Amino acid sequence: MKKRPRRIRKNSFIRDLVAETSLPEVSQLIYPVFIQEGRTVHQEIKSMPGQYRLSIDLLLQRMATWRKLGLNNYALFPNIDNSLKNENASEALNPDGFLYQAIKQIKDRFPEVNLFTDLALDPFSSDGHDGIIENGKIVNDRTVEVLAQMAILQAQAGADFVCPSDMMDGRVRQIRRALEREGLCDTGIVAYSAKYASSFYGPFRDALDSAPRAGDKKTYQMDFRNSREAMKEIELDIQEGADIVMIKPALSFLDIIAQAKRYFKYPVAAYNVSGEYAMVKAAAGNGWLDENKALVEILTSIKRAGADIIFTYHAVDYAKLRNS
Ligand code: PBG
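Bear in mind the structure is a predicted one, so any value in this text is a computation, not a measurement. (Residues numbered from 1 in each chain as written. Predicted model: local features only at pLDDT ≥ 70, side-chain atom pairs only at ≥ 80, totals over all residues. Heavy atoms only, no water.)

Visitor: In this structure, what is going on with the side chain of Lys107? I would like to understand it.
Guide: With respect to the element layout, Lys107 can be found in helix 3 (residues 98-109). Among the polar contacts made by the side chain of Lys107, one reaches the main-chain carbonyl oxygen of Pro111 at a distance of 3.0 Å. Polar contacts involving the side chain of Lys107 include one to the side chain of Asp160, which spans 2.8 Å. What Lys107 contacts, discounting residues up to four positions off in sequence, is Val113, Leu115, Gly158 and Asp160. (Helix = DSSP H or I, 4+ residues; strand = E, 2+ residues; numbered from the N terminus. Polar contact = N/O pair within 3.5 Å; in protein donor to acceptor, adjacent residues only side chain to side chain. Contact = heavy atoms within 4.5 Å.)

Printed below as a string of structure tokens:
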């Protein structure tokens, strides 16, 4: 035998020399956090062990600790009281609403952290949809107008990047235009460009009690059979003004991440979503796999596929591992 591929695997030093990817850096992670009105609120999300709905006082305390681990980028998801939800998601445009106060408080205390704020109506909608419903349909253009308003409020409160996750057509252009008009030219856009209609969002919807009351999200989120369509969505978002594009979920869409990286000269983010996190936690909780090894393998695979940035609920566990 002339070729023996095992030669370059024989010890850890040679394996390190030939490694094609390094582990993701903690500085490449964005940690999604669930926030909740009140004081000293600290509710564990049943389907996401280790993740909590936190009131801002507690979040600020924890952030101080997480920052010591090198976590300086956070995505915010507000849990809105059911009594404030309605068909028009009008609480989303209340400038004194909880989300906007939370952004201000966090940026007041930690001006250097980057806040990535989710831009969609589902946390505020009594229907649990990302857009406004008229005659049983999610209407595009009216939703986009609301999203553009919401982007202004988020940016004025201090958001560093607004992150449209709604999958309406043309929203990045309208959001960019609205931000520029208001002089908010330093606020960036992370577009959830290729966001698939996925069963892996289940635990997230538990966390925010935001599951669609009727139907599913297939008229706006993408069909998981498609990949060319993902390139089209990404291209449009780039043309419309996105700074960073995202693929979501991550693990069933590693091929899409790889293609996006190859086609476009833009930073590519991937969202390692709630259901992907829940699977690891459930299996590890049962003693069926080694959680630390699994999460290093998962995050590295997302980076190897081509992601520059990873949104992940494993961020704190991973940062602790890397710091230990
Ligand atoms: C809301 C939104 C969702 C997620 C991020 N933003 C849920 C959905 O579209 O139903 C999912 C995140 C996760 O599962 O971790 N538009």
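Visitor: Which parts of the structure should I look at to understand helix 8 (residues 254-263)?
Guide: Owing to its 3.6 residues per turn, the α-helix aligns residues three or four sequence positions apart on the same side. Of all the positions in helix 8, only Ile256, Ile257, Gln259 and Ala260 are classed as buried. On an axial view of helix 8, the arc spanned by its buried residues comes to 165 degrees, and they lie on one face. Along its buried surface, helix 8 packs onto helix 7 (228-240), strand 10 (244-248), strand 11 (268-272) and helix 10 (291-305). (Buried < 20%, exposed > 50% of the residue type's maximum accessible area, 1.4 Å probe, protein only. Arc of directions from axis to C-beta.)

Visitor: Whenever I open this one, unusual backbone geometry confuses me. Can you help?
Guide: Among all residues save glycine, negative phi is the norm, and among peptide bonds the norm is trans. For the peptide bond that leads from Lys248 to Pro249, omega is -10 degrees, which places it in the cis range. Notably, Asn135 is not glycine yet its phi reads approximately 50 degrees, a positive angle. As for its position among the elements, Asn135 is in the loop between strand 6 (132-134) and strand 7 (137-139). Judged by its relative accessible area of 82%, Asn135 is exposed.

Visitor: Looking at this model, I keep getting lost on the packing of helix 4 (residues 140-157) against helix 5 (residues 171-181). Mind explaining?
Guide: In a pair of packed helices, the angle between the axes and the distance between the axes together describe the arrangement. In contact at an axis separation of 9 Å, helix 4 and helix 5 are set at 40 degrees when each is read in the N-to-C sense. Here helix 5 runs oblique to helix 4, going by the angle between their axes. Here the hand of the crossing between helix 4 and helix 5 comes out right-handed. In contact with Val144, Leu147, Ala148, Gln149, Ala151, Ile152 and Ala155 of helix 4, helix 5 contributes Arg171, Gln174, Ile175, Ala178, Leu179 and Arg181. By residue class, the composition of the contact of helix 4 with helix 5 is nine nonpolar, two polar and two charged. (Axes fitted to C-alpha atoms, helices over the stretch in contact; angles between N-to-C directions. Parallel < 35°, antiparallel > 145°, perpendicular 65-115°, else oblique. Left-handed = near helix turned anticlockwise from the far one by under 90°. Nonpolar A, V, L, I, M, F, W, Y, C, P; charged D, E, K, R; others polar.)

Visitor: Is there a simple way to explain the packing of helix 3 against helix 4 in this structure?
Guide: Running from N to C, helix 3 and helix 4 point in directions that differ by 30 degrees, and their axes come no closer than 8 Å. The pairing of helix 3 with helix 4 is recorded here as roughly parallel in orientation. The residues of helix 4 that touch helix 3, namely those facing Leu99, Tyr100, Ile103 and Lys104, are Met150, Leu153, Gln154 and Ala157. Taken together, the residues of the contact of helix 3 with helix 4 sort by class into six nonpolar, one polar and one charged.

Visitor: So what exactly am I meant to see when it comes to the nonpolar core here?
Guide: If you look at soluble globular proteins, the nonpolar side chains tend to sit buried side by side. Ranked by internal contacts, the top residues of the largest apolar core, which has 86 residues, are Leu59, Trp66, Leu71, Tyr74, Ile247, Ile257 and Ile302. In terms of residue count, the dominant contributor to this core is helix 4 (ten residues). What Ile247 contacts, discounting residues up to four positions off in sequence, is Ala194, Ile234, Phe253, Ile256, Ile257, Ala260, Val268, Ala269, Ala270 and Tyr271. In terms of nonpolar packing, the next biggest core, distinct from the first, is built from 23 residues, Met48, Ala75, Phe116 and Tyr201 among them. (Core = buried A, V, L, I, M, F, W, Y, C linked by side-chain atoms within 4.5 Å.)

Visitor: I tried to follow the packing of aromatic side chains on my own but got confused; where do I start?
Guide: Aromatic rings in a pair are described by how distant their centres are and how their planes are angled relative to each other. Enumeration according to the criterion identifies 15 aromatic pairs in this entry. An angle of 40 degrees between the planes, with centres 6.0 Å apart, marks the rings of Phe34 and Phe77 as tilted. Residue Phe34 is located in strand 1 (residues 29-36), and its partner Phe77 is located in strand 4 (residues 73-79); the two are separated by 43 residues in the primary sequence. Taken individually, Phe34 and Phe77 each receive the classification buried, so the pair is uniform in this respect. Among the aromatic residues, those joined into a ring-pair cluster are Phe34, Phe77, Phe116, Phe161, Tyr192, Phe204, Tyr271, Tyr277, Phe311 and Tyr313. Between the NZ or CZ atom of Lys195 and the centre of the ring of Tyr201, over which it lies, the distance is 5.5 Å. The cationic tip of Lys248 hangs over the ring face of Tyr201; the distance from NZ or CZ to the ring centre is 4.6 Å. (Phe/Tyr/Trp six-rings, centres within 6.5 Å; stacked < 30°, edge-to-face > 60°. Lys NZ or Arg CZ within 6 Å of the ring centre and 35° of its normal.)

In short, shape yes, function no, at least from these values alone.
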